[in-house]
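So you can see what is in the structure, the chains are spelled out below.
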Amino acid sequence: MDCSICSSMPFILRPPRNTICGACYEGARSIITLMNKLEGDKGADNNNSNNNNKPNNSLLSPPNSCKPLSNVPKWVNGMKDLEDELNKKIAFLSGFAAAFREQIHTDIQIMPGNNGSPVPAHKALLAARSEIFKNMLDSDGCKAPPSGIITLPELNHEELESLLDFLYSGSLPSEKLEKHVYSLFLAADKYGIAYLQEYCERHMLSSLNSSNALDVLEISDVCSNRTLKETALNFIVKNMEEVTFSSRYEVFAPKNPHLCVQITRAFLMDTKSRRNTAV
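In the annotation of an unreviewed UniProt entry, the entry for the protein chain reads BTB/POZ domain-containing protein, and the organism field reads Melia azedarach.

Spelled out as structure tokens, the structure:
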């Protein structure tokens, strides 16, 4: 049926305004329903539910159901105000990142594990970001480092700076995340920084490919991350030849024989499943 909304015909040749196709009708009805929900007009929704189930070639409906459309500009402005408020809040909280970059009133030194130079930080922020850091910095004499220095032996200087940058700001430049995602994921797992774990996991899932799938599988196994491990394993099975004939696999296999067994079993199970489906 020709539609007065999505038709490609010139405007003057289009059918009457109340002649629309099913797709446009459903789209318009969805918008009206959304507006009703935003307005909290539950009564109008209940009254119109029976009428909405009946097919109709026009958008003519009870006046109350279309009323919320007049408030769309108000709703859009409200969303813009909310966005502005969030941006102001982010700018306000970014003062923590500035305090880290400019080393304002720092009270502890964080030492990387490669004997690199220490990085100044703030005890209060470390304690707020991680319960494990809080315990390390506890006032108990057995736990508090008397020299005002703590060491994170699994991180080099660059990785340590990236970790602290995230703890202060809640994000990282893409190039830093790409370079240090595995070490940061391990550190987040060790020190119980859940948000950093999720942040790194999202990046690894979105950037998963044949060249890094084995790395993702290995690190997910170390951190016992089931979602990440299953996703990496499924990807490897579907790209078995490309992954297993790579130079990376030759290095990976001797170090991770148990994962190679899991890859083989997953591949055989997938092959068997596809054969059964074909039959």
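Engineer: Requested: an account of the pairing of strand E1 (residues 108-112), with residues and values cited.
Structural biologist: Residues Ile108, Ile110 and Pro112 of E1 are buried on one face, while the alternating residues Gln109 and Met111, pointing to the opposite face, are not. Two strands pair when backbone bridges link them, and E1 and strand E2 (residues 119-121) are joined in this way by 3 bridges, in the antiparallel orientation. Its bridge partner lying in E2, Gln109 is registered against Pro120. Linking E1 back to E2 in an antiparallel pair, the connection comprises 6 residues, with Asn115 at a positive phi of about 60 degrees. Of the pairings in the sheet, the one linking E1 to strand E3 (residues 149-152) comprises 4 bridges and is parallel in character. Considered in E3, the bridge of Gln109 is made with Ile149.

Engineer: Which residues make up the nonpolar core, and what values go with them?
Structural biologist: Ranked by size, the top nonpolar core spans 51 residues in total, and within it Ile110, Leu126, Leu164 and Ile263 carry the most contacts. No other element matches helix H9 (residues 174-191), which puts 7 residues into this core. With residues up to four places along the chain from it excluded, the contact list for Leu126 reads Ile108, Ile110, Ala121, Phe133, Leu137, Leu164 and Leu167.

Engineer: Give me the lowdown on the environment of Thr244, citing residues and values where you can.
Structural biologist: Of note, Thr244 is situated in helix H13 (residues 240-244). Thr244 sits 30 residues away from Leu214 along the chain, and the two C-alpha atoms are 9.4 Å apart.

Engineer: Can you tell me about helix H15 (residues 257-278), naming the residues and giving the values?
Structural biologist: In an α-helix, one full turn covers 3.6 residues, which means residues spaced three or four apart are oriented alike. Taking 1.5 Å of rise per residue, 22 residues should cover 32 Å, and H15 covers 32 Å from first to last C-alpha, within 8% of that figure. Listed as buried for H15 are Leu259, Cys260, Ile263, Ala266 and Thr271. Down the axis of H15, the buried side of the element spans an arc of 135 degrees, and every buried residue falls inside it. Relative to its buried face, H15 has exposed residues pointing more than 90 degrees away, namely Arg265, Leu268, Met269, Lys272, Arg275 and Asn276. Considering only its buried residues, H15 is in contact with helix H11 (213-222), helix H12 (226-238), H13 and helix H14 (247-255).

The rules we used
Residues numbered from 1 in each chain as written. Predicted model: local features only at pLDDT ≥ 70, side-chain atom pairs only at ≥ 80, totals over all residues. Heavy atoms only, no water. Buried < 20%, exposed > 50% of the residue type's maximum accessible area, 1.4 Å probe, protein only. Helix = DSSP H or I, 4+ residues; strand = E, 2+ residues; numbered from the N terminus. Pairing = 2+ DSSP bridges. Core = buried A, V, L, I, M, F, W, Y, C linked by side-chain atoms within 4.5 Å. Contact = heavy atoms within 4.5 Å. Expected span 1.5 Å × (residues − 1). Arc of directions from axis to C-beta.

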